[in-house]
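# Geometric and topological summary
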Amino acid sequence: MHEQEGVQPYSDNPKAILLRTFSTEYNELGKGYGKAALQQLPEFVQLQFPQVNEVVLAVNEANGFARMLYEKYGYKDTGRRVKGSKGILIVMSYLLEGRV
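Here's a quick rundown of the structure. Keep in mind that this is a model prediction, so the values were computed, not measured.

## Let's talk about the pairing of strand 5 (residues 87–95)
- Sheet topology note: the strand 3 (residues 54–60)/strand 5 ladder contains seven bridges and is antiparallel. Paired with V55 across the strands is Y94, a residue of strand 5.

Next up, the structure:
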């Protein structure tokens, strides 16, 4: 989790936090670990980072499986694209309820 300068160039929101390097070992895929983490993440962020009102992440555009998982748990494509070391990244955002 990165705040402030670590969030740029993914968001201009000073109250955003970046979820960086969220991944699952290949042999552990499909066991629900990613799902469980994404379900618990909003509450964790609200408790540990009370000043934060948005979680942002970047997913490789070729990784449709991950993108669909993020969308299922409320992340929205911001329309922002960033060049990563392995290709273009799609920036996604999750707004925390009740936070301004």
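Okay, back to it.
## Quick look at a nonpolar patch on the surface
- A cluster of nonpolar side chains, namely Y26, L29 and F65, defines an oily patch on the protein surface of about 410 Å² accessible area.
- Relative to the helices and strands, L29 is located in the loop between strand 2 (16–18) and helix 1 (33–48).

## Brief notes about the packing of aromatic side chains
- Applying the stated rule across the entire model yields three aromatic pairs.
- Ring geometry for Y75 against Y94: centres 5.2 Å apart, planes inclined by 45°, an arrangement best described as tilted. Within this pair, whereas Y75 is found in the loop between helix 2 (64–72) and strand 4 (76–84), its partner Y94 is found in strand 5, the two being separated by 19 residues in sequence.
- Of the residues examined, Y75 reaches a relative accessible area of 2% and is grouped as buried.

What counts, and where the lines are drawn
Residue numbering note: each chain is counted from 1, following its sequence as written. The predicted origin of the model limits local features to residues at a pLDDT of at least 70 and limits the giving and counting of side-chain atom pairs to 80 or more, whereas totals for whole chains, interfaces and linings rest on all residues. Neither water nor hydrogens contribute to the side-chain values; these are computed over all heavy atoms in the structure. Two strands are counted as paired when DSSP detects at least two bridges linking them. Numbering of helices and strands runs from the N terminus, with a helix taken as a DSSP run of H or I at least four residues long and a strand as a DSSP run of E at least two residues long. In this analysis, a patch consists of residues with relative accessible area above 30% that form no salt bridge, clustered at 9 Å for like charges and at 5 Å for the nonpolar side chains Val, Leu, Ile, Met, Phe, Trp and Tyr. Exposure was quantified through the Shrake-Rupley algorithm and a 1.4 Å probe, taking into account, for residues, occlusion by the shown protein chains and nothing else. By convention in these notes, a salt bridge is any Lys or Arg side-chain nitrogen within 4 Å of a carboxyl oxygen on Asp or Glu. Any Phe, Tyr or Trp ring, taking Trp's six-membered ring, that has another such ring centre within 6.5 Å forms a pair; planes under 30 degrees apart are called stacked, those over 60 apart edge-to-face, and the others tilted. Type-normalised accessible area, obtained with a 1.4 Å probe on protein chains alone, sets the label of each residue: buried when under 20%, exposed when over 50%, and partly exposed for intermediate values.

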